[in-house]
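Now for the letters of each chain:
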Amino acid sequence: MSRSLAFTLAVSLSSLAASAFCFWAWYERYLRWDFNELGRHYDADTQTVYTTSGMVWALPALGFLLLAAWRLARGLRQARRRRASASRGA
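Now for a look at the structure at hand.

Looking at the secondary structure, you find Leu31 in helix 1 (residues 3–31). Expressed as a C-alpha distance, the spacing of Leu31 and Thr52, which sit 21 residues apart in the sequence, is 9.3 Å.

Below, the structure is given as structure tokens:
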């Protein structure tokens, strides 16, 4: 495995892990609750007030997911070019 392919896989996997964490936080802080007309939810069990500000976790989740997809597509395109140039040169 070449160094650039290993780097591409490492960046893609770490971005996917960060994206998974942010999607989990988005679910825990926003998607899980039913908000009232004021944008709040009171959990009586834990005595916690949740607000719609948990929606902000969707932004880094999508950003990390796009970064992983972009880096993986770029790495695969470079590997395909290297293979094509190696087969032409041989």
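The final tally for this structure, using the stated rule, is five aromatic pairs. Plain terms: the ring middles of Phe23 and Trp26 are 5.9 Å apart, the flat faces sit at 45 degrees to each other, and that makes the pair tilted. Highlighted residues: Phe23 and Trp26, both in helix 1, separated by three residues, approximately one helical turn. For Trp26, a relative accessible area of 18% gives the class buried. Ring pairing ties together the aromatic residues Phe21, Trp24 and Trp57, which thus form one cluster.

Conventions and cut-offs
- Residues numbered from 1 in each chain as written.
- Predicted model: local features only at pLDDT ≥ 70, side-chain atom pairs only at ≥ 80, totals over all residues.
- Heavy atoms only, no water.
- Helix = DSSP H or I, 4+ residues; strand = E, 2+ residues; numbered from the N terminus.
- Phe/Tyr/Trp six-rings, centres within 6.5 Å; stacked < 30°, edge-to-face > 60°.
- Buried < 20%, exposed > 50% of the residue type's maximum accessible area, 1.4 Å probe, protein only.

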